[in-house]
Structures are given as C-alpha cells and as structure tokens.
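In case you want the letters, here they are:
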Amino acid sequence: MNELREAAAPAGTDLLDERTRELADYCAAMGGRLRAIGMRLDQDPDVISEFLHEPEVRFPVQGMLPPEYRSVGEFPARLVEASSTVLGQVVATEQVSYGDPNVLLASPGPSLSGGAVQALADEQQRKRYFGRLASSPTHTFFALTEPGKGSAATELETTLTPAPGGGWLLNGVKCYIGNGARAQLGVVFCRRAPGPWGIEAVLLDTSAPGFSGELLPTVGLRGARISRLRFQDVTVADEDVLGAQRSPSRRGLYGATYILYRFRPGIAAMAIGCAQAACDYLATHRPTLPRRDRHRLDSILDRIAAVRHRTYAVASDIDAGLIDVAGIGAVKARAARVAEDATRLVAELLGPACLIEHPWVEKTYRDVRAFELMEGTSNLHAMSVFQRLLRDRAAQRPATERAVDGAARD
C-alpha cells in the first residue's frame, strides 16, 4: 500500500532511545498487512480467528505478558522487552494503529484485565490467568463501566454478596465492555460493601452459570466487539477474588485506577496513529494542495507532533513512577480531538465523493470517533485538568490567605 508511511521518523519522537526507535520501525513494517486485516474486520470482526497465527497479530500482545509466558524465539527478545514498558506500549500501539487499531482490539490476549491481574493477584491467580492465555488464544474483558454510572468506579452498583454455604454471588450489569460477549475470561469490578474500599475485583470464567453477554451495535472500531454483560447469581469462589491478601485500600479500586492510568496513553497512541495515517493518505492521493489547504494540513501535522511528544513524555513519567492524572487525561483528550479533525480535513480535501471512492478513509472516519468515548470523555479530562490547576494555584498563595477562604482544601 503506497499510502503507508515512509521510513523517516515522524515529528515529536525526540524522546525515544535507540531501542524504542527500533521497536517503532519493527511495528511500522507491519502496517500494510494490518491494514488489509483491518478492512476484513470492519466487515466481520470474528474473522480475526483466521489471522491468529500471523506475526502482525501475535507480536503486539507479547509485551503485555509476564516474561515467562511470552513466545520464545518467535520475535526479537530485545523488542518484546522494549514493548513491555508504558512508553514501549505507546510506541507499538501507535504504529500498529497506523495500520489498523481494530486488529489490536480484536486480538486475544490480556488487554486491561491482564494489568489488573498483574497489579492485584496473588501468585496462584497469576498462574491460572496467564497460564490459560499461554495455552490457547483467549479473549479477555475488563468490566468496569455500568449503564447508569459509566466508569465512575466509586459508584458501582454490581454487587458481590456472600453465598449460602461459602463463596460469593455476583449480580449486576456492565455495559460498553470490549470483547465481553466473546471473551472466555475477564475481570469484573463490583461492590462488596459501601464506600470506596468496599469495591472488589474478581476473576470470572464466562462459562459460569448466570453469565450472559450480548454484542452492541457499533458504527466504528468494530473489532472491539463492544458488549453488554449481565450477571445473575454468578458464583464466585474465594480464590477468584483478586487481592484478598491486600488491605482494602490496595485492592479493587486501586486496581481499577492503576490500570486506567497506565493504559490511557495507549488510547491516545491509537488516535495519533490513525491521525498520522489519514494525513499521509491525503499526501499520497493529493500530493499538490493549494497554499491555504497546505497550511491547514500542516497545522494538523503540527498538532499531531505536539500531542505525540506529550504522550511519550507522560508514558515515560509513568514508567518512572510519576502519575500525572490530569496530564494523562489531557493527552488522551487532545489525541482524540486531533484524530477527528484530521479525518474531517482529509475527507473535505479529497472531495465530496471521497467516502465512497476511498473505503479506507470512510472506515477510519468512523473508527476515530470512538476514541472520544474510550477511557473517559473529554469533558471529564478537562475537569481533571481544571481541578489540578486550581490546586496548583492555591498551593502558590500565601498560607494566611488559604486559611481564610479554604481554597487549599481538597
């Protein structure tokens, strides 16, 4: 496909070291095949089963697995290890999404649930979870969002109550869950007791009686297989409650926030990859533009470079143990916006019939609008940035002034 990116590194990659640049190049070389698979997935997401043996499908999930569960000798160990960091995941995800993000979302593997297991599980739980993923292709889900509460983790209504004779019963509904209806294994966040420390995370096999899942109709990003899940007196054994050995403040809610902060830059990376791909597609199919339109395209490319740089910086900070909640949300919101703006501009400049004449543009135009809804909408991230600015401003004011009006209080 001649619209795929040339070898030159895009702007905004100055934070990458030699190994991470090598990882980016390795994943970029997969783009043509990923784009072909992605077009198939848009028609039928279940055809991913035909491609599970292909390296373009298998490599992106390797870094999400603990070292002992990765494929041995199939991929360069140096690059697999590079992809296991947050920055490495962001770099790999951007390049894979430049080809097609649907492939990554449709593929079996640990997804967010694997991160929750890594953060909360004891050794036996880790062995059961990752051992199953290593033994055969396994789709997983991360069930946090609910119909009436969204992803507000402290307001969950799905319940975990003691079962007669021991164990627990899970009841409730989760909505907008990626791969939920076709997964074999997942993590469900639920409420055992009132308050933020009453939240638990449990491992769930979807073959359990009382579990049901249904696919929701979607316009774009169909590889994600967005689903609604229902739990009706689903039995949960004590050994399936994640983090039972931990204090309440370091289990359910901690696991949810730990994972969301680390995976949110990956959503930004998907949006950046799609935005860059759209601009490159335009450059291939309309290499000569009037000056005004050239300036408009250059403006979008500058925004892509800026949000790429900030996303890489945020990811590097997370690897260093620095969690800037507002900064993480800001890059995700900015990336989602620039992806929408990029595809809108490309559709305009390719002409009125472009969504018919260019099927890839039509698909990508639909796909990128899903990023606004993934991992929190922009208004929530804007509120987080605003609250951080207020706290920073209050912290800089004289102590006597803060004591009078209480502005420094959380």
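Structure shown above.
Residues numbered from 1 in each chain as written. Predicted model: local features only at pLDDT ≥ 70, side-chain atom pairs only at ≥ 80, totals over all residues. Heavy atoms only, no water.

Engineer: Please explain the overall build of the protein as it appears in this structure.
Structural biologist: The number of helices and strands found in the protein is 15 helices and eight strands. The C-alpha atoms of the protein give a radius of gyration of 22 Å, which matches the 22 Å a tight globule of 410 residues would have. Put simply, the protein has 410 residues, and 52% of those count as buried. Relative to all contacts within the protein whose residues are 6 or more apart in sequence, the contacts with residues 24 or more apart total 74%. One way to put it: in the protein the 48 positive side-chain charges average out to a point 4 Å from where the 49 negative ones average out. (Helix = DSSP H or I, 4+ residues; strand = E, 2+ residues; numbered from the N terminus. Rg over C-alpha atoms; globule rule 2.2 N^0.38 Å. Buried < 20%, exposed > 50% of the residue type's maximum accessible area, 1.4 Å probe, protein only. Contact = heavy atoms within 4.5 Å. Lys, Arg positive; Asp, Glu negative; His and termini not counted. Charge placed at Lys NZ, Arg CZ, Asp CG, Glu CD.)

Engineer: Teacher, can you tell me more about the nonpolar core here?
Structural biologist: Grouped burial of nonpolar side chains is what soluble globular proteins tend to show. Among the nonpolar cores identified, the biggest contains 59 residues, and Phe59 and Phe371 are the most heavily contacted of them. Here the element with the most residues in this core is helix H9 (residues 252–285); it accounts for twelve residues. Those residues in contact with Phe59 that lie beyond four places of it in its chain are Leu23, Tyr26, Cys27, Met30, Phe75, Leu79 and Val80. Counting 26 residues, the second-largest nonpolar core is a separate cluster that includes Ala119, Phe142, Ile199 and Leu253. (Core = buried A, V, L, I, M, F, W, Y, C linked by side-chain atoms within 4.5 Å.)

Engineer: Teacher, can you tell me more about a nonpolar patch on the surface here?
Structural biologist: A contiguous nonpolar surface patch, about 300 Å² in accessible area, is contributed by Met383, Phe386 and Leu390. Secondary-structure assignment places Leu390 in helix H14 (residues 378–396). (Patch = residues over 30% accessible without salt bridge, like charges linked within 9 Å, V, L, I, M, F, W, Y side chains within 5 Å. Areas by Shrake-Rupley, 256 points an atom, 1.4 Å probe, with all protein chains shown as cover. Salt bridge = Lys/Arg side-chain N within 4 Å of Asp/Glu carboxyl O.)

Engineer: Quick question: what am I supposed to make of helix H11 (residues 325–350) here?
Structural biologist: Two residues of an α-helix separated by three or four positions point the same way, owing to the 3.6 residues in each turn. If you check H11, its first and last C-alpha atoms are 38 Å apart, about what 26 residues at 1.5 Å a residue would give, namely 38 Å. Along H11, 20 of the 26 residues are buried, which leaves the element largely enclosed by surrounding structure. (Expected span 1.5 Å × (residues − 1).)

Engineer: What's the story with the packing of aromatic side chains in this structure? I'm lost.
Structural biologist: Working definition: an aromatic ring pair is given by the centre-to-centre distance plus the angle between the planes. Enumeration according to the criterion identifies nine aromatic pairs in this entry. Summarising the aromatic geometry, the rings of Phe211 and Phe231 are spaced 5.9 Å apart at their centres and angled 45° between planes, so their arrangement reads as tilted. Of this pair, Phe211 sits in strand S6 (residues 211–215) while Phe231 sits in strand S7 (residues 226–236), and the two are 20 residues apart along the sequence. Among the aromatic residues, those joined into a ring-pair cluster are Tyr26, Phe59 and Phe75. One Lys or Arg, Arg369, reaches over the ring of Tyr365 and ends 3.8 Å from the middle of that ring. (Phe/Tyr/Trp six-rings, centres within 6.5 Å; stacked < 30°, edge-to-face > 60°. Lys NZ or Arg CZ within 6 Å of the ring centre and 35° of its normal.)

Engineer: When you look at the pattern of salt bridges in this model, what are you seeing that I'm missing?
Structural biologist: Two side chains with opposite charge may pair up if their charged atoms get near one another. In total, this model carries 30 salt bridges according to the counting rule given. With its nearest N and O atoms 3.2 Å apart, the salt bridge here joins Arg40 to Glu50. Of this pair, Arg40 sits in helix H2 (residues 31–43) while Glu50 is found in the loop between H2 and helix H3 (55–58), placing the two residues ten residues apart along the sequence. Taking the relative accessible area as the measure of exposure, Arg40 reaches 39% and is therefore partly exposed. Of the residues examined, Glu50 reaches a relative accessible area of 45% and is grouped as partly exposed. As a salt-bridge pair, Lys363 and Asp100 come within 2.6 Å of each other at their nearest N and O atoms. Residue Lys363 is located in helix H13 (residues 359–367), and its partner Asp100 is located in the loop between helix H5 (86–99) and helix H6 (101–106); the two are separated by 263 residues in the primary sequence. With respect to class, Lys363 is no different from Asp100; both count as buried.

Engineer: Help me understand the environment of Phe211, please; the structure alone is not making it clear to me.
Structural biologist: For Phe211, a relative accessible area of 15% translates into the label buried. On a C-alpha basis, the gap between Phe211 and Phe231 in space is 4.9 Å, while along the polypeptide they are 20 residues apart.

Engineer: What should I look at first to understand the environment of Gln95 in this one?
Structural biologist: Turning to its location among the elements, Gln95 is positioned in helix H5. For Gln95, a relative accessible area of 5% puts it in the buried group. Residues Gln95 and Asp25, spaced 70 residues apart in sequence, show a C-alpha to C-alpha distance of 8.2 Å.

Engineer: Where do I start with the side chain of Arg264 in this structure?
Structural biologist: Along the chain, the position of Arg264 falls in helix H9. The buried charged residue Arg264 lacks any salt bridge partner; its closest oppositely charged side chain belongs to Glu375, at an N-O distance of 4.0 Å. Residue contacts for Arg264: discarding those within four places in its chain leaves Ile328, Gly329, Lys332, Glu375 and His381.

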